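# Close look at the chain arrangement
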Amino acid sequence: MAKIDMKRFQALFEEPGEQEQSVIIRGVDIHKIYRSGPQETHALRGATLDVYRGEYLSIMGPSGSGKSTLFNAIGALVKPTSGRVYIDQVDIAQLDTEELAWLRCRKIGYVFQTFNLIQVMTCLENVTLPMSFAGLSTEEARDKGIRILKMVGLGHRILHKPAELSGGQQQRVAVARALANSPDIILADEPTANLDQSTGQEIIDLFKNLQNTLGVTIISATHDTKMLQASDRILWIEDGVIVKAARPEEMTFTSDKFGAHGHH
Amino acid sequence: MNLTTATIPEQVKLPIRIALEVVLQGLRIRLGRSVVTITGVVCGIAFLMSILTGQIVKRGVADEDARREEISRIMSFIRSDLPKLSGHTIGIVGGGTLSEVEARVVEQLAGEAGTILALKGGTPSARTLHGVTLRPVPAAQMAGEASVIFIMGDGNLPDFDWNGFLGQALNNLAAVTAPDVKLPPVLTAERTVQLARAWSAEELEAKSLEARKERFRSIWITVISLLVTVIGISNAMLMSVTERFREIGTMKCLGALSSFVTQMFVLEASIMGLVGGFFGAVLGAAFALTVYVITYGGSLVFSALPVGTMFLYAVGCVFAGVALSIVAALYPAKVAASMVPATALRSTV
């Protein structure tokens, strides 16, 4: 099945060095330039970051700061113009589209602000779809899908269509779908932005729970102070560069802005 | 890091069955939207089919008109000789096969005159002769009983004593309806009446020129209608793919291969093309037939209709529906499939 050049792969793994066992995603000097005609937009200007295995990391920044681009870059959704992104020590720039598909299928689970459930499918089918992409049989996928939906508290809704569910429930289905192939990483792009306070809190609790029980690494781009408070570490991005990294207890939260006290 | 677990194998290639399931489910659930897209295909194919049907009906009607004119000319000629046909006996001699006009003349004669005799061993064969039984008789009997002898068919005449036969005959004349049949020397111009319309060189040239013009016209209108169909179907398929860019982006985030996305849309397009093509062909044919029946009358249209050709055109139209839908869906599907997932997700079409 695999026509992988082992040497090529080993070379990829050696690059970041063996001492950082606990780094699951490493971004080195990421630049991203969007071109539309003569106009060039520098969305990222040399962002460098490490994400540790099992941590709950929040990325914050004003709109236009490059937050979404950084998020997409470390999630293997866009390729950086220059710089490197290593996911589990694999340089994603070296992967072809099929290998990227494999990575997105099994290593990373994505949760979106607008849920992005496939409207024509039931909750269960939404959850089992990535499993069929991973080659699971229909029966295996069904059993696992039901188990995961129960875990996120939607065991009674498995055959409903997304449109029949509330926003919070839809986001839970999206989280269940992200968990389908037992990924190491969950990338959540403003997952609570379209939810009210209490349902947003439920999603945060769910993430926290997944982090604690399954050891999943959670990375979210967010403005939500509750999400920031729940996270282990917060990165602040401005003008395409990461300017601050802090723990939530080092921050003072004033509505949706924050600043670090003294040192950081 | 353990290298043995870190290799990235190729993503699993999904069997076509899964794509088919996803597609069928999608079509069922998005029924309203699917119907709109399929209607686009139906309209395109119905237009094409109605144009094609119109052409064959018009051609068939023109041919039938010419045949009817020929038959009535032959019949009026016979009537001028035998004003009252009933009670008379008609004899047929010849070789080869009866033409459509000849067969129908025989049918009319049988209806009006009653008895049709055929020369034993010297009668042309007929593919269709409705309600007519030819009674095979020897030459002497035919000569004694037949009021008119017809020489018919496109083959060579039987070789026998024409002189004696005509000498015995009630009517010393033979009516010839086959245009190019080679007559024996004894059947001189005085003893025969040529009923087949003879075309002069100018008339033939005019006819072939007209046929050529007609062919160009029909090619032109077919090409135009095909273009209209292509645009109609492309538009419908393009919309149905582009409005799902977001869904495609989501699927790619979940690990769908580009080939899976393309496969899905090709499958969907072929199903829509098949259904749309079928209903389009039926509707288009029905529409054109209705219009021509109203214009020309049912009996003329249906007797002139080449059913086999029409069926072939209908099959061709269904095939065109499938092919055009696939071609029209392939391009946007490929664009969508090769999109960076983040771009596809951002799309709000």
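The structure presented is a predicted model; accordingly, all values stated were derived computationally and were not measured.

Right, let's talk about the overall build of chain A for a bit. Within chain A, the regular secondary structure consists of eight helices and twelve strands. Taken over 264 residues, chain A has a buried fraction of 56%. Roughly 11,100 Å² of accessible area belongs to chain A as shown, and the carbon and sulfur atoms make up 49% of that amount.

Another aspect to go through is helix 3 (residues 97-106) of chain A. Summarising burial for helix 3 of chain A: seven of the ten residues are buried, a large majority. Among the residues of helix 3 of chain A, those classed as buried are A:Glu99, A:Leu100, A:Ala101, A:Trp102, A:Leu103, A:Arg104 and A:Cys105.

Another point: the pattern of salt bridges. Inspection of every chain in the model, using the stated rule, returns 20 salt bridges over all chains. Ionic pairing is found between A:Asp184 and A:Lys107, a salt bridge with its closest N-O pair at 3.5 Å. Residue A:Asp184 is located in the loop between helix 6 (167-178) and strand 7 (185-189), and its partner A:Lys107 is located in the loop between helix 3 and strand 6 (108-111); the two are separated by 77 residues in the primary sequence. Assessed through its relative accessible area of 16%, A:Lys107 is described here as buried. The closest approach of N and O atoms between B:Arg244 and B:Glu268, which form a salt bridge, is 2.9 Å. Here B:Arg244, found in the loop between helix 7 (201-242) and helix 8 (245-253), pairs with B:Glu268, found in helix 9 (residues 258-296); they are 24 residues apart in sequence, far enough to count as distant. For the pair formed by B:Arg244 and B:Glu268, the shared burial category is buried. Within this structure, B:Glu64, B:Arg67, B:Arg68, B:Glu100 and B:Arg104 form a network of salt bridges that share partners.

It is worth spelling out the layout of surface pockets at this point. All names here are of chain B. In this model, the largest pocket occupies a volume close to 830 Å³. Along the walls of the largest pocket sit 32 residues, with Asp63, Ala66, Arg67, Trp199 and Lys207 positioned nearest its centre. Of all the secondary-structure elements, those providing two or more residues to the lining of the largest pocket are helix 3 (31-81), helix 4 (100-112) and helix 7. Here the element with the most residues in the lining of the largest pocket is helix 3; it accounts for eleven residues. Here the residues of the lining of the largest pocket are counted per class, giving eleven nonpolar, six polar and 15 charged. Looking at the lining of the largest pocket, you find at least three residues from each of domain 1 (16-61 + 202-345) and domain 2 (84-170).

Once that is clear, we can look at the packing of aromatic side chains. Residue and element names in this part refer to chain B. Under the counting rule described, the total for this entry stands at four aromatic pairs over all chains. Relative to Tyr296, the ring of Tyr292 lies with its centre 5.8 Å away and its plane at 15°, an arrangement referred to as stacked. Within this pair, Tyr292 and its partner Tyr296 are both found in helix 9, separated by four residues, close to a single helical turn.

Per-chain confidence: chain A averages 84 in pLDDT, with 87% of residues scoring 70 or above. Ignoring residues within four places in sequence, the model shows residues 260-264 of chain A, a span with pLDDT below 50, making ten contacts including any to other chains.

What follows is about the sheet that holds strand 1 (residues 89-94) of chain B. Residue and element names in this part refer to chain B. Read from one edge of the open sheet, six strands run 3-2-1-4-5-6, paired in parallel fashion. Looking along the sheet, the strands with just one partner apiece sit at the ends: strand 3 (135-137) and strand 6 (192-194). For this sheet the average axis-to-axis angle between neighbouring strands, irrespective of direction, equals 30°. Judged from the three bridges that link them, strand 5 (residues 174-176) and strand 6 form a sheet pairing that is parallel. Residue Val176 lies in a different strand from strand 6, and its bridge partner there is Gln194. Across the sheet, helix 4 lies against strand 1, strand 2 (115-119) and strand 4 (148-152), angled at about 160° from strand 4, the strand it touches most.

All names here are of chain A. Of the pairings in the sheet, the one linking strand 9 (residues 233-238) to strand 10 (residues 241-246) comprises five bridges and is antiparallel in character. From the neighbouring strand, Glu238 faces strand 10, where its bridge partner is Val241. Once strand 9 ends, the chain turns through two residues before running back antiparallel as strand 10, passing Asp239 with a positive phi of about 55°.

Analysis parameters
- Residues numbered from 1 in each chain as written.
- Chains lettered and ligands numbered in written order.
- Predicted model: local features only at pLDDT ≥ 70, side-chain atom pairs only at ≥ 80, totals over all residues.
- Heavy atoms only, no water.
- Helix = DSSP H or I, 4+ residues; strand = E, 2+ residues; numbered from the N terminus.
- Buried < 20%, exposed > 50% of the residue type's maximum accessible area, 1.4 Å probe, protein only.
- Areas by Shrake-Rupley, 256 points an atom, 1.4 Å probe, with all protein chains shown as cover.
- Salt bridge = Lys/Arg side-chain N within 4 Å of Asp/Glu carboxyl O.
- 1 Å grid on protein atoms, 1.4 Å probe; cavity = no way out; pocket = protein on both sides within 12 Å on 5 of 7 lines; lining within 4 Å.
- Points joined across faces, edges and corners; volume = space filled by probe spheres on them.
- Nonpolar A, V, L, I, M, F, W, Y, C, P; charged D, E, K, R; others polar.
- Domains from an automatic or database assignment.
- Phe/Tyr/Trp six-rings, centres within 6.5 Å; stacked < 30°, edge-to-face > 60°.
- pLDDT = per-residue confidence, 0-100.
- Contact = heavy atoms within 4.5 Å.
- Pairing = 2+ DSSP bridges.
- Axes fitted to C-alpha atoms, helices over the stretch in contact; angles between N-to-C directions.

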